[in-house]
Amino acid sequence: MDVEQISLELPETLEAAQAQASEMQDIHQDTQEESCDEACEETCEATQEAQSEMQETIEALNTRIRELEGVLAERQALADRMTRECEEFEAYFPEVSLRRLPDEVWTQVHAGVPLAAAYALYERGLRNQTEAAQEQNARNAAHLPTAPAPAESRYFSPAQVRAMSRREVRENYDRIFESMRHWQ
């Protein structure tokens, strides 16, 4: 619209002024309603998007909660199992401290073998190793050459002669004389 087309002529009568004012109010109201409608639509769209995002977030959180509940249930089941197995272990092996169990036993337990069974297998393995070593030692000993028996020395030392009783001196008189030749 050109400025020339919109003319604001001063009304000549009060009625004309009121009519012009009423017309301007209608134009103003229409303009306000249009911008209000646009603002409302934009607000509604933004609200719907926010609600949609919130719903997705809630669903994601609910999924995560279910996952964590599953993990918690698994851990609780594992804790219950370990409690039962520790009680069983203490019943079967009261003299063995759980704190002193070797890593091999715990590796088996983490693989799913019950604690008492893992320890029994460990003990049996040690026993087998000990028995195998003893058997090998026995086989080796059977093949070793025997050492000759220590031969009696032909001669006596002066200290040996001094330590002899009178009877031993009489019995070994010839050997003592032979030994004396080698003393220096």
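Our subject is the structure that appears above.
Cut-offs applied
- Sequence order as written defines residue numbering, which begins from 1 separately in each chain.
- The predicted origin of the model limits local features to residues at a pLDDT of at least 70 and limits the giving and counting of side-chain atom pairs to 80 or more, whereas totals for whole chains, interfaces and linings rest on all residues.
- Where side-chain values are given, they derive from all heavy atoms of the structure, hydrogens and water being excluded.
- Only DSSP runs of H or I reaching four residues or more are called helices, and only runs of E reaching two or more are called strands; each is numbered from the N terminus.
- A 1.4 Å probe rolled over the protein chains alone gives each residue an accessible area, and that area as a share of the maximum for its type sets the label: buried under 20%, exposed over 50%, partly exposed in between.
- Contacts are assigned to residue pairs that have any heavy atoms within 4.5 Å of one another.
- To measure how exposed things are, a 1.4 Å probe is used in the Shrake-Rupley method; for residues, cover is taken only from the protein chains shown.
- For our purposes a nonpolar core is just a set of buried Ala, Val, Leu, Ile, Met, Phe, Trp, Tyr and Cys residues, chained together by side-chain atoms within 4.5 Å.
- Pairing of aromatic side chains here covers Phe, Tyr and the six-membered ring of Trp, requires ring centres within 6.5 Å, and sorts the geometry by plane angle: under 30 degrees stacked, over 60 edge-to-face, intermediate tilted.

Some points on the overall build of the protein
Phase 1: Along the backbone of the protein there are 6 helices and 0 strands.
Phase 2: If you list the helices and strands of the protein from N to C, you get α-α-α-α-α-α.
Phase 3: In the protein, which comprises 184 residues, the proportion classed as buried is 11%.
Phase 4: Here the contacts in the protein between residues at least 6 apart in sequence split such that 37% fall between residues at least 24 apart.
Phase 5: Of the roughly 16100 Å² that the protein leaves accessible, carbon and sulfur atoms contribute 53%.

Digging into the nonpolar core
Phase 1: Judged by nonpolar contacts, Met82, Cys86, Phe89, Phe93, Val96, Leu101, Val105, Val109, Leu115, Ala116, Ala118 and Tyr119 together constitute the single largest core of 12 residues.
Phase 2: Of all the elements in the fold, those that place two or more residues in this core are helix H1 (14–92), helix H2 (103–110) and helix H3 (115–143).
Phase 3: A total of 4 residues in this core trace back to one element, the largest contributor, which is H3.
Phase 4: Contact partners of Val109, with chain neighbours within four places excluded, come to Arg81, Met82, Leu115 and Ala118.

Points about the packing of aromatic side chains
Phase 1: Under the defined criterion, the tally for this structure stands at 5 aromatic pairs.
Phase 2: A centroid spacing of 6.2 Å and a plane angle of 35° characterise the contact between Tyr119 and Tyr122, whose relative ring orientation is tilted. With Tyr119 and Tyr122 both in helix H3 and 3 residues apart, the pair spans about one turn of that helix.
Phase 3: Its relative accessible area of 25% is what places Tyr122 among the partly exposed residues.
Phase 4: For the pair Tyr173 and Phe177, a centre-to-centre distance of 4.8 Å together with 90° between the ring planes defines the contact as edge-to-face. With Tyr173 and Phe177 both in helix H6 (residues 173–180) and 4 residues apart, the pair spans about one turn of that helix.

As for the side chain of Asn172
Phase 1: Among the secondary structure elements, Asn172 is positioned in the loop between helix H5 (166–171) and H6.
Phase 2: Residue classification places Asn172 among the buried residues on the basis of a relative accessible area of 18%.
Phase 3: What Asn172 contacts, discounting residues up to four positions off in sequence, is Phe156 and Met164.

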